[in-house]
Amino acid sequence: MSRKLRIEYPGAIYHLMNRGDRREDIFKADRQESGEEAAQRIVVEGMERLGWMEGNLQERRKGDKGKVTLARRLRKETTMSLKCVARRLQRGSWTYVSNLLREKPNSNLCQ
């Protein structure tokens, strides 16, 4: 005999089982990405989207809109410190990065 159907309603909190059929794992992951690997992936993806190569980071101004966008994403999605972000994106001092990140994303930044 099967169990009764669960009563479902909006906003309810449900318990998730921690294993599947025959006690198999539900979540399968070979390995988790480290913070450093995540940061590198974000920078590479961002540079590809912008059509930049590694050398373009040094050529671009510190306040370049693309660099600011990358810095925002790094701070939001990783645990990189401002010093590491400034060093990786060749943006000058970490205080400069901090000041740029405090500005609203839609404000007029240097191109």
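One can find the structure itself at the top, above this paragraph.
The structure presented is a predicted model; accordingly, all values stated were derived computationally and were not measured.

K.L.:
What is the right way to look at the nonpolar core in this model?
P.N.:
Met47, Leu74, Val85, Leu89 and Val97 are the most contacted members of the largest nonpolar core, which totals 16 residues. Every element with two or more residues in this core is listed here: helix H1 (35-50), helix H3 (65-77), helix H4 (82-88) and helix H5 (94-102). Contacts of Val85, omitting those with residues within four sequence positions, involve Ala71, Leu74, Arg75, Met80, Arg91 and Val97.

K.L.:
What is the right way to read unusual backbone geometry from this model?
P.N.:
Most peptide bonds are trans, and most residues other than glycine sit at a negative phi. With a phi close to 50 degrees, Gln90 is a non-glycine residue in the positive phi region. Take Gln90: its relative accessible area is 33%, and that puts it in the partly exposed class.

K.L.:
What am I meant to see in the side chain of Thr78 here?
P.N.:
Residue position: Thr78 is located in the loop between H3 and H4. Overall, the relative accessible area of 12% leaves Thr78 in the buried class. Here Leu74 takes part through its backbone oxygen, which lies 2.4 Å from a polar atom of the side chain of Thr78. Here Met80 takes part through its backbone nitrogen, which lies 3.3 Å from a polar atom of the side chain of Thr78. Those residues in contact with Thr78 that sit more than four places away from it in its chain are Gly35, Ala38, Ala39, Ile42 and Arg73.

K.L.:
Even after reading the chapter, I still don't get the packing of aromatic side chains, so can you show me in this structure?
P.N.:
Each aromatic ring pair is summarised here by two numbers: the centre-to-centre distance and the angle between the ring planes. All told, the structure shown has zero aromatic pairs when counted by the stated rule. Note that Lys62 overlies the ring of Tyr96, its terminal NZ or CZ placed 4.6 Å from the centroid.

K.L.:
What am I meant to see in the pattern of salt bridges here?
P.N.:
Side chains carrying opposite charge are able to pair once their charged atoms draw close together. The full count for this structure, using the stated rule, is five salt bridges. Put simply, Glu45 and Arg41 hold a salt bridge, and the shortest N to O gap is 3.5 Å. Residue Glu45 and its partner Arg41 are located together in helix H1, separated by four residues, close to a single helical turn. Of the charged contacts in the structure, one is a salt bridge between Arg60 and Asp64, with a shortest N-O distance of 3.7 Å. The class of Arg60 is partly exposed, set by a relative accessible area of 35%. Each of Arg41, Glu45, Arg73 and Glu77 takes part in one network of salt bridges that share partners.

What counts, and at which threshold
Residues numbered from 1 in each chain as written. Predicted model: local features only at pLDDT ≥ 70, side-chain atom pairs only at ≥ 80, totals over all residues. Heavy atoms only, no water. Core = buried A, V, L, I, M, F, W, Y, C linked by side-chain atoms within 4.5 Å. Buried < 20%, exposed > 50% of the residue type's maximum accessible area, 1.4 Å probe, protein only. Helix = DSSP H or I, 4+ residues; strand = E, 2+ residues; numbered from the N terminus. Contact = heavy atoms within 4.5 Å. Polar contact = N/O pair within 3.5 Å; in protein donor to acceptor, adjacent residues only side chain to side chain. Phe/Tyr/Trp six-rings, centres within 6.5 Å; stacked < 30°, edge-to-face > 60°. Lys NZ or Arg CZ within 6 Å of the ring centre and 35° of its normal. Salt bridge = Lys/Arg side-chain N within 4 Å of Asp/Glu carboxyl O.

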